[in-house]
Amino acid sequence: MLEPLRQGLPPLNLAAASDAASCALHARYEAVREARQFTRATLDRWHMGDRFDDVCLVVSELVTNALRHALPAGAPRLAAPEPPVRLHLMRWTGRLVCAVRDPSDDSPVTRDPGDLSDDCSAESGRGLFLVDSFSDSWGWHPLAGALSGKVVWALFRHPDAADRPVPGL
């Protein structure tokens, strides 16, 4: 499952991932909510619920950007045979990566933070600024091989589960 994402992620040993989960997302309004619910369930299963707020904000922004900017104009939004966007969550010792794969070859476009403060009513353009602010690093890479499109990823550092306090102790 991780091999198609290999070139789109920061340098990590994908074979050493301790946990990985993936969710296909159809191009519909509910997709962002579904991505948040999937993220909540996955982080809870990995005993990382304390990171939910930051990770969920970043996942919401990455999925929203993929749905808003990466799907071809005029493409059917409700009934596609293969969901066009896929969310991947991967955990290593000390790291969590959220990666969103979409069918577009276009690079994500960031806005200058100064531009964001000039127009407080702007509803778009803040997503990647938020991703940059809440994650430890982020990036993107075009996919290679049989898959077209790109993956946009965000990395979160986290203490190893062995170093985490056990609730109630």
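Residues numbered from 1 in each chain as written. Predicted model: local features only at pLDDT ≥ 70, side-chain atom pairs only at ≥ 80, totals over all residues. Heavy atoms only, no water.

Considering helix H2 (residues 52-69)
Thinking step 1. Over its 18 residues, H2 runs 25 Å from end to end, which matches the ideal 26 Å to within 8%, given 1.5 Å per residue.
Thinking step 2. In the core, the buried residues of H2 are packed alongside strand E1 (19-25), helix H1 (31-45), strand E2 (85-92), strand E3 (95-102), helix H4 (127-134) and strand E5 (150-157). (Helix = DSSP H or I, 4+ residues; strand = E, 2+ residues; numbered from the N terminus. Expected span 1.5 Å × (residues − 1). Contact = heavy atoms within 4.5 Å.)

Observations concerning the side chain of His88
Thinking step 1. Of note, His88 is situated in strand E2.
Thinking step 2. When its relative accessible area of 1% is taken as the criterion, His88 is described as buried.
Thinking step 3. Among the polar contacts listed, one links the side chain of His88 to the side chain of Ser22, at a separation of 3.4 Å. (Buried < 20%, exposed > 50% of the residue type's maximum accessible area, 1.4 Å probe, protein only. Polar contact = N/O pair within 3.5 Å; in protein donor to acceptor, adjacent residues only side chain to side chain.)

Concerning the packing of aromatic side chains
Thinking step 1. For the coordinates displayed, the defined rule picks out 0 aromatic pairs.
Thinking step 2. The lysine or arginine in question, Arg40, covers the ring of Phe52, its NZ or CZ lying 3.6 Å from the ring centre. (Phe/Tyr/Trp six-rings, centres within 6.5 Å; stacked < 30°, edge-to-face > 60°. Lys NZ or Arg CZ within 6 Å of the ring centre and 35° of its normal.)

Quick word on the sheet that holds E5
Thinking step 1. The strand order across the open sheet built from 5 strands is E1-E2-E3-E5-E4, with neighbouring strands paired in antiparallel fashion. Two strands lie at the open edges of the sheet, namely E1 and strand E4 (137-142), each paired on one side alone. Each adjacent strand pair in this sheet contributes to an overall mean axis angle of 15°, direction not counted.
Thinking step 2. Sheet topology places E4 next to E5; 6 bridges connect them, and they run antiparallel. (Pairing = 2+ DSSP bridges. Axes fitted to C-alpha atoms, helices over the stretch in contact; angles between N-to-C directions.)

A few points about the pattern of salt bridges
Thinking step 1. Scanning all chains against the criterion turns up 4 salt bridges.
Thinking step 2. Residues Asp19 and Arg91 are paired through a salt bridge, measuring 2.0 Å at the closest nitrogen-oxygen approach. Pair noted here: Asp19 is in strand E1 and Arg91 is in strand E2, with a separation of 72 residues, a long-range link.
Thinking step 3. Look at Asp19 and you get partly exposed, because its relative accessible area is 24%. (Salt bridge = Lys/Arg side-chain N within 4 Å of Asp/Glu carboxyl O.)

What about the pairing of E3?
Thinking step 1. Burial analysis of E3 places 7 of its 8 residues in the buried class, the great majority of the element.
Thinking step 2. Direction of pairing for E2 relative to E3: antiparallel, over a ladder of 7 bridges. Among the inter-strand pairings, Trp92 is bridged to a residue of E3, identified as Arg95.
Thinking step 3. Counting the residues that bridge the hairpin from E2 to E3 gives 2 residues, and of these Gly94 lies at a positive phi of roughly 85°.

A word on the confidence of the model for the protein
Thinking step 1. This prediction gives the protein a mean pLDDT of 79; 69% of its residues lie at or above 70.
Thinking step 2. The weakest mean pLDDT in the protein belongs to helix H3 (residues 113-118) at 55; the strongest belongs to H1 at 97.
Thinking step 3. Note that pLDDT drops below 50 for residues 1-8; the model gives that stretch 21 contacts with residues more than four away or on any other chain.
Thinking step 4. Across residues 165-169 the pLDDT falls below 50, and counting only partners more than four positions away or on other chains, this stretch makes 0 contacts in the model. (pLDDT = per-residue confidence, 0-100.)

Some remarks on the packing of H2 against H4
Thinking step 1. Orientation of H2 relative to H4, taken along the N-to-C sense of each, is 150°, at an axis distance of 9 Å. With respect to H4, the element H2 is oriented roughly antiparallel. The element H2 and its partner H4 pack so that their crossing is left-handed. Seen from H2, the contacting residues are Asp54, Leu57, Val58, Glu61, Leu62 and Asn65; seen from H4, they are Gly127, Leu128, Leu130, Val131 and Phe134. (Parallel < 35°, antiparallel > 145°, perpendicular 65-115°, else oblique. Left-handed = near helix turned anticlockwise from the far one by under 90°.)

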